[in-house]
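If you want the building blocks of each chain, they are given just below.
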Amino acid sequence: MIVQVALGARAYPIHIQAGLLGNAAPVLGPFVRGNRLVVVTDSQVAALYLDRLSAGLSGVLIEPIILPPGEATKDWVHLQLVVERLLTLGVERSDAVVALGGGVIGDLTGFACSILRRGCRFVQVPTTLLAQVDSSVGGKTAINAAAGKNLVGAFHQPAAVLIDPQVLATLPARELRAGYAEVVKYGLINDADFFAWCEANGAAVLAGDTAAQTYAIAHGCKAKAAVVAADERETDDIRALLNLGHTFGHAFEAAAGFSDRLLHGEAVALGMALAHRFSAHRGLCSAEDAARVDAHLAASGFEIHPAVLGLATNAADLIHHMRQDKKMSGGTLPFILSRRLGESFVARDVPLGAVEAFLADELADVKRP
Ligand code: NAD
Ligand code: GLY
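Numbers given for residues are sequential positions, taken from 1 along each chain in its written order. Written order decides the labels, with chains lettered from A and ligands numbered from 1. In view of the model being predicted, local features appear only for residues whose pLDDT reaches at least 70, and side-chain atom pairs are presented and counted only at 80 or more, with totals across whole chains, interfaces and linings using the full set of residues. Side-chain metrics in this entry use all non-hydrogen atoms of the structure; hydrogen atoms and water are not considered.

## A word on the site of ligand 1
- Any residue with a heavy atom lying within 4 Å of a molecule or strand is counted as near it. Neighbouring residues of ligand 1: 26 residues in total, closest Asp42, Glu71, Gly103, Thr128 and Thr170.
- Here a polar contact means two N or O atoms within 3.5 Å. Within protein one must be a hydrogen donor candidate and the other an acceptor candidate, and residues neighboring in sequence count only if both atoms are side-chain atoms. Between Lys74 and ligand 1, the recorded distance is 2.8 Å, taken from a side-chain N or O atom to an oxygen atom.
- Here Val104 contributes a backbone N or O atom positioned 3.1 Å from an oxygen atom of ligand 1.
- Throughout, the Shrake-Rupley method with a 1.4 Å probe supplies accessible areas, and for residues the shown protein chains are the sole cover considered. When the free accessible area of ligand 1 is taken as 870 Å², the share hidden by the protein chains comes to 90%.
- Runs of E in the DSSP output that reach at least two residues are strands. Runs of H or I that reach at least four are helices, and both are numbered from the N terminus. Elements that contribute at least two residues to the shell around ligand 1 include exactly α2 (43-55), α4 (103-115), α5 (129-135) and β8 (148-155).
- Considering each element in turn, the shell around ligand 1 owes the most residues, four residues, to α2.

Okay, here's the thing in structure tokens:
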């Protein structure tokens with residue numbers, strides 16, 4: 001299947017097919033220059049998939065740049081390392097670099113390519129569910145700074161995206177579930193029917209059913225492509241909806257020190273539950289809708305109650321973390337809230353005091369299971 005991201009001169013295809021990584025020549029062939037392809041990846045993904053990629057590209061010399069796995073790689077040191085290596089390899093503006101890995105490799109490689117010789121092309125080959133349904137599409141690239149996550153970056157669209165759902169077979173179950181949060185997000189933003197599909201098929205996605213995973217990925221890519229085509233730079237309150245769960249979630253990620261205690265997708269799931277409970281609390285959506293969101297996320301194995309996470313934090317600290325958000329503007333923060341299940345909207349008039357009181361109640365509620 002091919003999903004098009006309709007961005008005029010910067011339009012690109014997303015190729016989705018089980019087994020595609022080992023048969024990548026039709027997609028990647030046009031990006032090979034002088035029989036060579038530069039591939040940025042991490043050591044875990046390299047050990048699993050570099051040979052498979054190479055086997056499908058006979059006669060092509062793969063030049064790998066192999067980085068350590070993990071969020072810490074999205075930093076200045078590894079950005080410099082990648083850029084210097086690309087320059088040493090003589091990568092030119094018209095060349096394309098392949099990013100093979102999860103969101104860390106995709107974000108870092110995309111940013112390196114956005115600044116290399118004022119911008120060269122790159123191809124996303126995402127290998128985590130999170131990257132396949134979200135980060136590989138849309139052109140947000142970044143590294144982290146001392147002041148926070150993703151604070152240094154650029155919008156730089158890939159030239160193509162190649163997705164092979166079969167690679168999810170080796171992804172640790174916790175990482176697969178974290179990526180599933182971003183799948184559910186598409187239902188909660190504007191597609192109640194897809195949320196119902198998730199309720200019926202989420203267990204199959206998490207159990208490794210390739211057909212269910214492929215459907216979820218294709219649906220997510222179509223949804224994201226539509227959003228990005230309508231609001232590439234997040235200026236019209238359309239792309240901002242993709243931040244559902246992120247403002248609440250980010251505060252808990254920060255409280256966990258952006259560590260393995262709470263993966264990004266786990267924080268997004270918690271944040272989506274909180275955004276719906278807060279919406280119900282303010283009379284915006286029904287308590288039944290919020291309970292349905294809670295039920296599916298909990299059934300999928302997510303922790304939806306911050307009181308039982310055991311993080312050493314409090315509501316004031318969480319609000320402090322929210323204030324560092326790059327979307328803070330004029331002393332207020334946009335929250336993505338819900339009118340009803342599958343109908344999210346950007347609320348710009350939410351008093352942070354009300355959020356703080358809500359979070360204080362949530363954190364005090366240790367009676368929850
Ligand atoms: P990740 O890239 O760190 O990958 C998670 C782990 O899985 C790594 O250890 C990696 O080596 C391993 N791995 C990857 N593919 C594998 C496979 N097929 N089999 C076995 N192991 C595999 O994490 P992620 O969750 O993919 O991405 C998180 C990053 O994405 C964060 O930095 C976040 O900020 C970013 N992000 C960006 C966007 C965007 O729009 N650009 C959107 C969401 C998240
Ligand atoms: N992941 C949010 C966005 O791409 O806008």
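## Comments concerning the site of ligand 2
- Taken together, Asp134, Lys140, Lys224, Glu234, Arg239 and Leu242 form the complete shell of residues around ligand 2.
- Lys224 has a polar side-chain atom sitting 2.5 Å from an oxygen atom of ligand 2.
- With respect to ligand 2, the side chain of Arg239 contributes an N or O atom lying 2.7 Å from an oxygen atom.
- Coverage of ligand 2 by the protein amounts to 88% of the 200 Å² it exposes when considered alone.
- For this classification, the nonpolar set comprises Ala, Val, Leu, Ile, Met, Phe, Trp, Tyr, Cys and Pro, the charged set comprises Asp, Glu, Lys and Arg, and every other residue, Gly included, is treated as polar. Looking at the shell around ligand 2 residue by residue, the class counts come to one nonpolar, no polar and five charged.

## Considerations on α2
- Take the residue count of a helix, subtract one, and multiply by 1.5 Å to get its expected span. Between the first and last C-alpha of α2 there are 18 Å, a value that for 13 residues agrees with the 18 Å anticipated at 1.5 Å per step.
- At any given residue, the bend is defined as the angle formed between two axes, one fitted to the seven residues that end at that position and one fitted to the seven that begin there. Of all the bends in α2, the largest measures some 50° and sits at Tyr49.
- Under the scheme applied here, a residue whose accessible area is under 20% of the maximum for its type counts as buried, over 50% as exposed, and between as partly exposed, the area being computed with a 1.4 Å probe on protein chains only. Inspection of α2 places Val45, Ala46, Tyr49, Leu50 and Leu53 among the buried residues, and these make up the whole buried set.
- We call two residues contacting when some pair of their heavy atoms lies within 4.5 Å. Against the buried residues of α2 lie α1 (25-28), β3 (36-42), β4 (61-67) and β5 (96-101).
- Two or three places before Gln44, at the opening of α2, Asp42 has a side-chain oxygen 2.9 Å from that residue's backbone nitrogen.

## Digging into the environment of Ile217
- Within the secondary structure, Ile217 is located in helix α8 (residues 210-230).
- Taking the C-alpha atoms as reference points, Ile217 and Asp134, 83 residues apart in sequence, are found 9.0 Å from one another.

## Looking at the nonpolar core
- Counting residues in hydrophobic clusters, the biggest one holds 75 residues, and the most contacted among them are Phe248 and Leu359.
- Looking at this core, the element that brings in the most residues is helix α10 (residues 264-281), giving nine residues.
- If we skip the residues at most four places from it in the chain, Phe248 touches Gly271, Leu274, Ala275, Phe278, Met322, Phe335, Val355, Phe358 and Leu359.
- What is meant by a nonpolar core is a set of buried Ala, Val, Leu, Ile, Met, Phe, Trp, Tyr and Cys residues, joined one to another through side-chain atoms within 4.5 Å. The next biggest cluster of nonpolar side chains, apart from the first, holds 25 residues, and it includes Leu21, Leu57, Ala96 and Leu162.

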